[in-house]
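Chain residues, written in single-letter form:
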Amino acid sequence: MFYYRMHNCAVCSRKPLSSMTEIDESEAMQAETLAYVSNRAGEGKTIYRINHRGYLADAAEDLWCLDTNQLNNLANGMEAVPEWLAKKADEGRLMGICADETMLSELLSHHSNNEKKTVHILAMGDVGGTLLIGMSLLGGDCVKEIGIYDFNENLCQRWEHEINQIAYPWQYDTMPHVKVLKQEELFQCDVFVFCASKAIPPVGSDVKDVRMVQLEANGAIISQYGKMAREAGFQGLFAVVSDPVDPLCQRAWKASNEDENGVFDGKGLRPEQVQGYGLGVMNSRAAYYAKQDSRFTQFLTEGRAYGPHGQQLVIADSIANYNHELSMELTKKTVEANLEVRALGYKPYIAPAISSAAISILLTIRGEWHYSSNYLGGIFMGAKNRSTVYGVELEHLPLPEQVLNRLQAVVDELSKHCV
């Protein structure tokens, strides 16, 4: 193992690096911040938090990131690493970086801070407006300002008036200030939230998976904003709320990394900059049914949600005591929950805008555990995760084989929508 120092950070690598100052292992051991430069093959996140020594095996990013059993197997089969380094990995005190050596200086110079963030929301329709309400009421501790943009300027002015006239008496700065944006200001923020949507099937239609109907129309729209993020040199979080969340994440990321000739050059958004916000409401819907039926009660304390905001959703009633039949029944109820609201004559946007978007994005900003979709070996996969000073951290659990099989089917399906 080779050890270096750059930007007040100790760096370790299996291969020699020419652009850094070499240091002794003892100095690396004492460093407050430590990064591991991976030689991982294939596609994956650029910066991420290592929370298990199995990451040091440099395997191509895959479902093993979510599975403690596979991580243990990787750790047992990897080349020997110093025990102190492996221990730091197990404790989550290690930043993983997988990038060309020429990018290391820039990546290591990025620093997170605890300052309140600026959030910009694109499109103020049903979802965008409800998200704005939720984030305004709940986000005063971590959001200083919310910018809003829509092609309908009167709509924006209406929201600016309404939200800025909501206040706690004698505490007039408790809630974030809301301002109307010009289009060229959209990416002058810490968090950009994409809520634009087109071609939503009307209430009463017989479409079973509304989200996939929206893929092509919304895919074209989000690609435009991915390119705008590239042009702006955007370094913040690109949050995708519109459906279908996971494929749209992939399209935004890919579009941002293509030059004017459509050739991928990797000069746009890093994979971990894009996150999708659709899984939060699926978890909440599963909890809703678990509270109504005692057969599903264990989901409330032991359950997990994985995968997309749609037909490929994976609900596990428990990880420690997994029951496949009950999990599949609860998954079905969760997936079809939106149809119940549509059958009443309403579009089911309130719970998604609050649970998946407002609450989950705020938890992301705060660095707390939540559900969202992150880049995983070429696709975007929903799972429990959090944003840390070391990068995105994915929760790993000892997953039952049947859950892994379900997740692999999700990977196979989502891969079909990669363009």
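The shown structure was predicted, so the numbers you read here are calculated from the model rather than taken from an experiment.

Chemist: I would appreciate a short explanation of the pairing of strand β15 (residues 370-376) in the present structure.
Modeler: Each regular strand carries side chains that alternate between the two faces of the sheet. Burial within β15 is extensive, with seven of its seven residues counted as buried. Taken together, the seven bridges between β15 and strand β16 (residues 379-388) define a ladder with antiparallel strand orientation. By the bridge assignment, Y375 is partnered in β16 with F380. Counting the residues between successive antiparallel strands, the hairpin from β15 to β16 contains two residues, one of them, G377, with a positive phi of roughly 60 degrees.

Chemist: Where do I start with the side chain of N257 in this structure?
Modeler: Tracing the chain through its elements places N257 in the loop between α9 (245-256) and β12 (274-276). Among the polar contacts listed, one links the side chain of N257 to the backbone nitrogen of K267, at a separation of 3.2 Å. In terms of polar contacts, N257 uses its side chain to reach the backbone carbonyl oxygen of L269, at 3.0 Å. In this view, N257 contacts R230, V263, F264, D265, G266, K267, G268 and L269; residues no more than four positions away in its chain are not counted.

Chemist: Would you mind going over the nonpolar core with me for this structure?
Modeler: It is characteristic of soluble globular proteins that their nonpolar side chains tend to be buried jointly. F192, V193 and F238 are the most contacted members of the largest nonpolar core, which totals 53 residues. Residues contacting V193, with those up to four places away along its chain left out, are V119, H120, I121, L122, L131, A239, V241 and I361. Counting residues in each nonpolar core, the second largest holds 44 residues, with Y48, C65, I319 and V403 among its members.

Chemist: Please clarify how unusual backbone geometry should be interpreted in this entry.
Modeler: Residues other than glycine predominantly adopt negative phi, and peptide bonds predominantly adopt the trans conformation. With an omega dihedral of -10 degrees, the bond running from D243 to P244 counts as a cis peptide bond. Positive phi is not limited to glycine here, since N8 has a value of about 60 degrees. With respect to the element layout, N8 can be found in the loop between β1 (2-6) and β2 (9-13). Unlike most non-glycine residues, A123 shows phi in positive territory, near 85 degrees. By secondary structure assignment, the location of A123 is in the loop between β7 (117-122) and α5 (126-138).

Reading the values: rules and limits
Residues numbered from 1 in each chain as written. Predicted model: local features only at pLDDT ≥ 70, side-chain atom pairs only at ≥ 80, totals over all residues. Heavy atoms only, no water. Buried < 20%, exposed > 50% of the residue type's maximum accessible area, 1.4 Å probe, protein only. Helix = DSSP H or I, 4+ residues; strand = E, 2+ residues; numbered from the N terminus. Pairing = 2+ DSSP bridges. Polar contact = N/O pair within 3.5 Å; in protein donor to acceptor, adjacent residues only side chain to side chain. Contact = heavy atoms within 4.5 Å. Core = buried A, V, L, I, M, F, W, Y, C linked by side-chain atoms within 4.5 Å.

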